[in-house]
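# Coordinates in review
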Amino acid sequence: MNTPSLLLDGLPVPFSVGQTIMEAATAAGIFIPHLCHHPDFKPQGSCKLCTVKANGRYVSACTMPAKDGMEVENNSPDLNDKRRTLLQMLFVEGNHFCPSCEKSGDCLLQALAYELEMLTAHFPQFYPDRPVDASHPEVLLDFNRCILCELCVRASRDVDGKNVFALSGRGIGKHLIVNAESGRLADTGFALADKAAHVCPVGVILAKRRGFLQPIGCRRYDRQPIAMQPARPLASGGNGPES
Ligand code: SF4
Ligand code: FES
C-alpha cells in the first residue's frame, strides 16, 4: 500500500495513519505555530494558534487527523493574521512585560510573537493582579503570565501522578490554581524534578535563584527563530526553568 500523504502549502507530506496534521508536519520539518501542544501529551486544542485550513475549513492541526490527499494551508497571510490576533489577546489578558521577565528569550509566546511579526498588543491591557506564590523553596509561580495551556496540569496529573495544578473558574475568570487547601505550592508534593516544573511555555513556573543566568545572545530563541529550530520547541523538555 502506498504511504498516505497530504499537501501542506503545496508540498507533499507523508504520514502514518493515526497521525495528526501537526505530527505529520513536524516529522517533515515544517513548523506550525502552537502553544498548548506538546509532543509528550494528548492534544487538547485550546489555544487555537495551530489553526490551519484543511480542505477549505479552519481546524486545529494538533487535533485534526491527517487524511490522504488532504490539502492543508498553513503559512498564509490570512492564517498568520488570525494567529497574530490570538497572540495579541493573550498578551493583553496577562502581564507579559518581557523586559522585566526572566523567561524572555526562552518564551514560546514571545518567540511566536516575533515569528508572526506582532508589533503591538493592539487591544487595551487588562492588567491582572494575581498574587505571586513564592511559598515553595525552589519554585516561584507568577500567575499573571499564565496562558491557560494546561501543560502543567497534564504533566502533573499524567506524568508526575501528583495533580498539583488545575484550572478553575469560567470565561475571563478562568485561572490556574494549586490543589492544596491553602492554595499554596509549598503545601503540595511539588518538586523541581517534576515534569510539571519544566513544561510551562511562558514565565509562570520559575526555578528560584536561576533567573537571568543565560546571557543575552545565548537564550533559546536568540539563536534561531522558532520556525527554524531543529526540534519542536518543547520536545527536549526545554522551555522549563532549567533550560
Ligand atoms: S502555568 Fe504555564 S504550563 Fe501551566 S497552564 Fe499556565 S502557562 Fe500553561
Ligand atoms: S496547539 Fe493546537 S490548539 Fe493549541
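Residues numbered from 1 in each chain as written. Chains lettered and ligands numbered in written order. Predicted model: local features only at pLDDT ≥ 70, side-chain atom pairs only at ≥ 80, totals over all residues. Heavy atoms only, no water.

### Some words on the domain arrangement of the protein
Here the protein is partitioned into domain 1 (5-75) and domain 2 (99-224). Taking the mean C-alpha position of each, domain 1 and domain 2 sit 26 Å from one another. At the interface, 13 residues of domain 1 touch 15 residues of domain 2. A combined buried area of about 1100 Å² lies between domain 1 and domain 2, and 68% of that area is made up of carbon and sulfur atoms. Considering only the side of domain 1, the residues that lose the most area to domain 2 are Leu-35, Phe-41 and Gln-44, jointly responsible for 54% of the buried surface there. In this structure, the connection of domain 1 to domain 2 is made through one salt bridge. In this structure, Lys-195 and Asp-40 form a salt bridge, with 2.7 Å as the shortest nitrogen-oxygen distance. (Domains from an automatic or database assignment. Contact = heavy atoms within 4.5 Å. Buried area = accessible area lost by both parts, 1.4 Å probe. Salt bridge = Lys/Arg side-chain N within 4 Å of Asp/Glu carboxyl O.)

### A look at the sheet that holds strand β4 (residues 57-60)
Across the sheet, which stays open at both edges, the five strands sit in the order β2-β1-β5-β3-β4 with mixed pairing between neighbours. Here the strands that pair on one side only, and so sit at the sheet edges, are β2 (11-14) and β4. Here the strands of the sheet are splayed against their neighbours by 35° on average, with no regard to which way each runs. As paired elements, strand β3 (residues 51-54) and strand β5 (residues 71-73) share two bridges and run antiparallel to each other. Considered in β5, the bridge of Lys-53 is made with Glu-73. Most of the contacts of helix α2 (residues 77-93) go to β3, to which it runs at about 150°, and overall it touches β3, β4 and β5. (Pairing = 2+ DSSP bridges. Helix = DSSP H or I, 4+ residues; strand = E, 2+ residues; numbered from the N terminus. Axes fitted to C-alpha atoms, helices over the stretch in contact; angles between N-to-C directions.)

### Some remarks on α2
For α2, built from 17 residues, the straight-helix expectation of 24 Å at 1.5 Å per residue is met to within 8% by its first-to-last C-alpha distance of 24 Å. Those residues of α2 lying buried are Leu-79, Asn-80, Arg-83, Leu-87, Gln-88, Leu-90, Phe-91, Val-92 and Glu-93. For α2, the elements touching its buried residues are β3, β4, β5 and α3 (108-115). (Expected span 1.5 Å × (residues − 1). Buried < 20%, exposed > 50% of the residue type's maximum accessible area, 1.4 Å probe, protein only.)

### Thoughts on the environment of Tyr-221
Here Tyr-221 lies in helix α5 (residues 220-223). Taking the relative accessible area as the measure of exposure, Tyr-221 reaches 12% and is therefore buried. Separated by 104 residues in the primary sequence, Tyr-221 and Glu-117 have C-alpha atoms spaced 14 Å apart.

### Considerations on the site of ligand 1
Neighbouring ligand 1 are the residues Cys-146, Ile-147, Leu-148, Cys-149, Glu-150, Leu-151, Cys-152, Leu-176, Cys-200, Pro-201, Val-202 and Val-204. For the shell around ligand 1, a count of residues per class yields 11 nonpolar, no polar and one charged. (Near = heavy atom within 4 Å. Nonpolar A, V, L, I, M, F, W, Y, C, P; charged D, E, K, R; others polar.)

### Here we look at the packing of aromatic side chains
Going through the model one piece at a time under the given rule, you end up with two aromatic pairs. For the ring pair Phe-97 and Tyr-127, a centre distance of 6.3 Å and an interplane angle of 45° mean the geometry is tilted. Of the two residues, Phe-97 is situated in the loop between α2 and α3 and Tyr-127 in the loop between α3 and β6 (139-141); the sequence distance between them amounts to 30 residues. Its relative accessible area of 38% is what places Phe-97 among the partly exposed residues. The class for Tyr-127 is exposed, based on a relative accessible area of 55%. Aromatic side chains Phe-165 and Phe-190 sit 5.5 Å apart centroid to centroid with 75° between the ring planes, which places their arrangement in the edge-to-face category. (Phe/Tyr/Trp six-rings, centres within 6.5 Å; stacked < 30°, edge-to-face > 60°.)

### Section: the nonpolar core
Membership of the largest hydrophobic core comes to 45 residues, with the highest contact counts inside it found for Leu-35, Leu-87, Leu-109, Phe-165, Phe-190 and Ile-205. Among the secondary structure elements, those contributing two or more residues to this core are α2, α3, β6, α4 (151-159), β8 (175-178) and β9 (205-207). Examining the composition of this core, we find that five residues originate from one element, α3, more than from any other. Shared between two domains, this core holds at least three residues of each, these being domain 1 (5-75) and domain 2 (99-224). Not counting residues up to four positions away in its chain, the partners in contact with Phe-190 are His-136, Val-139, Lys-162, Val-164, Phe-165, Leu-185, Ala-196, Ala-197 and Ile-205. Core analysis: the next-biggest nonpolar cluster, separate from the first, contains 19 residues, Leu-6, Ala-24, Ala-61 and Met-64 among them. (Core = buried A, V, L, I, M, F, W, Y, C linked by side-chain atoms within 4.5 Å.)

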